[in-house]
Amino acid sequence: MGRRIDCHMHVKGRDAAWNWDHNDRIIEAADALGIDQLAVSIPIMRGMPDYATVRRCNDDVIAAMRQYPDRILGYCFIVPGQQESQDEISRCLDAGMIGIKLYNQYKIWDPAVHHVLARAIQEAVPVLEHAGHPTTQEFRSQQPNISDAADFVRAAALFPECMLIEGHIGGGGDWEWSIKQLRDAPSVYLDTSGSIIDDGMVEMCVRELGADRLLFATDMTMEGGVGKILGAELTSSQQERIFWKNFQKILDRRQEVIS
């Protein structure tokens, strides 16, 4: 069995009641599924959390990193509009985090996010943002600022050097539309996570974007996340790139800067 790095997962924290009941179970599942490392965050999924809440979320990720060294990699969750966000990025990167996590508080291209994308370029870290293309009014009203693939295309045009990751192509909404939109943004990566495991989804990603732009991820759907890669019609080389090589190249960019 080759290496597997999950680029989009979560751990349990004080402010995230939606996760698994204990982080040990995540590591046990990773062991069973052959996942070597998991890049995690604890985002606040609704509204504009205050900075104290954001900091607690990141503290809980740092605690998980220390509890499971070499297994857990951390993303720094921030709300870009908060004046403390730059200091929080510094604090989290100093603690060993490998990237920045944004949720649905702002569109990825919003001017409020520009300083974050510029900082990510400076630090050579990826920015993973929650994403989806709503197909119902209910979905749109629940998350009015969710970024879709067109928003990532717009952000990539503004910051072409930024390593942007569009979250969970299988997370809901029109994934075929999303894949086609990303053809216009070669610098944007797409992660394969989400509970939707439609036939042909991974193959379309490879056909339209190329295997080098896909990143294996589960976003808590761990068996399905592994299964959709194993079950897709991929060459062994494509499978290896998706499972770990592409994300490892992203991680190596950061190491080149700090070494």
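Residues numbered from 1 in each chain as written. Predicted model: local features only at pLDDT ≥ 70, side-chain atom pairs only at ≥ 80, totals over all residues. Heavy atoms only, no water.

**So, the overall build of the protein chain**
Here is step 1 of the chain: Along the backbone of the protein chain there are 10 helices and eight strands.
Here is step 2 of the chain: Taken against the 2.2 N^0.38 rule, which gives 18 Å for 259 residues, the C-alpha radius of gyration of the protein chain at 17 Å falls within 12% of a compact globule.
Here is step 3 of the chain: Projected onto the principal axes, the alpha-carbon positions of the protein chain cover approximately 45 × 40 × 35 Å.
Here is step 4 of the chain: The buried share of the protein chain, reckoned over its 259 residues, is 57%.
Here is step 5 of the chain: Partitioning the contacts of the protein chain with sequence separation of at least 6, the portion at a separation of at least 24 is 76%.
Here is step 6 of the chain: If you sum the accessible surface of the protein chain, you get close to 10800 Å²; carbon and sulfur atoms cover 47% of it.
Here is step 7 of the chain: In the protein chain, 26 side chains carry a positive charge and 38 a negative one; their mean positions are 1 Å apart. (Helix = DSSP H or I, 4+ residues; strand = E, 2+ residues; numbered from the N terminus. Rg over C-alpha atoms; globule rule 2.2 N^0.38 Å. Buried < 20%, exposed > 50% of the residue type's maximum accessible area, 1.4 Å probe, protein only. Contact = heavy atoms within 4.5 Å. Areas by Shrake-Rupley, 256 points an atom, 1.4 Å probe, with all protein chains shown as cover. Lys, Arg positive; Asp, Glu negative; His and termini not counted. Charge placed at Lys NZ, Arg CZ, Asp CG, Glu CD.)

**A look at the side chain of Arg119**
Here is step 1 of the chain: Residue placement: Arg119 occurs in helix H4 (residues 111-123).
Here is step 2 of the chain: Judged by its relative accessible area of 11%, Arg119 falls in the buried class.

**So, unusual backbone geometry**
A negative phi holds for most residues other than glycine; trans holds for most peptide bonds.
Here is step 1 of the chain: Although it is not a glycine, Ala124 sits at a positive phi angle of roughly 55°.
Here is step 2 of the chain: Along the chain, Ala124 turns up in the loop between H4 and strand S5 (127-129).
Here is step 3 of the chain: In this structure, Asp219 is a non-glycine residue whose phi angle is positive, near 50°.
Here is step 4 of the chain: Mapped onto the elements of the fold, Asp219 is located in the loop between strand S8 (214-215) and helix H9 (222-230).

**Side note on the nonpolar core**
Here is step 1 of the chain: Within the largest apolar cluster, 86 residues are counted, with the highest numbers of intra-cluster contacts made by Leu38, Leu164 and Phe247.
Here is step 2 of the chain: The contact partners of Leu38, leaving out residues within four places of it in the chain, are Asp6, Met9, Ile26, Ile27, Ala30, Arg71, Ile72, Leu73 and Met222. (Core = buried A, V, L, I, M, F, W, Y, C linked by side-chain atoms within 4.5 Å.)

**Thoughts on the packing of aromatic side chains**
Here is step 1 of the chain: Counted according to the given criterion, the structure contains one aromatic pair.
Here is step 2 of the chain: Stacked on the ring of Trp109, the Lys or Arg Arg154 has its end atom at 3.6 Å from the ring centre. (Phe/Tyr/Trp six-rings, centres within 6.5 Å; stacked < 30°, edge-to-face > 60°. Lys NZ or Arg CZ within 6 Å of the ring centre and 35° of its normal.)

**Quick word on the environment of Gly200**
Here is step 1 of the chain: With respect to the helices, strands and loops of the structure, Gly200 is situated in the loop between strand S7 (188-191) and helix H8 (201-209).
Here is step 2 of the chain: With relative accessibility at 25%, the residue Gly200 sits in the partly exposed group.

**Comments concerning helix H10 (residues 236-258)**
Count 3.6 residues to each turn of an α-helix, and residues three or four apart come out pointing the same way.
Here is step 1 of the chain: The terminal C-alpha atoms of H10, which comprises 23 residues, lie 32 Å apart, in line with the 33 Å expected from a rise of 1.5 Å per residue.
Here is step 2 of the chain: The sharpest bend along H10 comes to roughly 55°, located at Ile242.
Here is step 3 of the chain: Those residues of H10 that fall on the buried side of the exposure criterion are Gln238, Ile242, Phe243, Trp244, Asn246, Phe247, Gln248, Ile250, Leu251 and Arg254. (Expected span 1.5 Å × (residues − 1). Bend = angle between axes of the 7 residues up to and from the residue.)

**Quick notes on the pattern of salt bridges**
Here is step 1 of the chain: Evaluated as defined, the whole model comprises 12 salt bridges.
Here is step 2 of the chain: Note that Glu208 is salt-bridged to Arg183, the shortest N-O span being 2.8 Å. Taken together, the residues span a long stretch of sequence, with Glu208 in helix H8 and Arg183 in the loop between helix H7 (175-181) and S7 at a distance of 25 residues.
Here is step 3 of the chain: Under the relative-accessibility criterion, Arg183 is labelled partly exposed at 44%. (Salt bridge = Lys/Arg side-chain N within 4 Å of Asp/Glu carboxyl O.)

**Quick look at H8**
Here is step 1 of the chain: For H8, the tally of buried residues reaches seven of nine residues, placing the bulk of the element in the interior.
Here is step 2 of the chain: Those residues of H8 that sit buried are Met201, Val202, Glu203, Met204, Cys205, Val206 and Leu209.
Here is step 3 of the chain: Residues of H8 that are buried sit in contact with H7, S7, S8, H9 and H10.
Here is step 4 of the chain: Phi turns positive, to about 95°, at Gly210, one or two residues after H8.

**A word on the sheet that holds strand S4 (residues 99-102)**
Here is step 1 of the chain: Strand order in this open sheet of eight strands is S1-S2-S3-S4-S5-S6-S7-S8, and the pairing throughout is parallel. Bordering the open sheet on either side are strand S1 (5-10) and S8, each of which pairs with just one other strand.
Here is step 2 of the chain: Examined bridge by bridge, strand S3 (residues 72-77) and S4 share three bridges and lie parallel to one another. For Cys76, the partnering residue across the bridge sits in S4 and is Ile100.
Here is step 3 of the chain: Each of S5, strand S6 (164-166) and S7 is contacted by helix H6 (residues 149-158), which is oriented at about 175° to S6, the strand it contacts most. (Pairing = 2+ DSSP bridges. Axes fitted to C-alpha atoms, helices over the stretch in contact; angles between N-to-C directions.)

**With respect to the pairing of S1**
Here is step 1 of the chain: Most of S1 sits inside the fold, with six of its six residues counted as buried.
Here is step 2 of the chain: Two elements, S1 and strand S2 (residues 37-41), share four bridges in a ladder whose sense is parallel. Paired with His10 across the strands is Ser41, a residue of S2.

**Regarding the environment of Met163**
Here is step 1 of the chain: Take Met163: it is sitting in the loop between H6 and S6.
Here is step 2 of the chain: Accessibility expressed as a relative area gives 5% for Met163, which makes it buried.
Here is step 3 of the chain: With near-sequence residues (within four places) excluded, Met163 lies in contact with Ala124, Val125, Pro126, Val127, Tyr189, Ile250 and Arg253.

Note that every value here comes from positions in space, so none of it alone points to a role or purpose.
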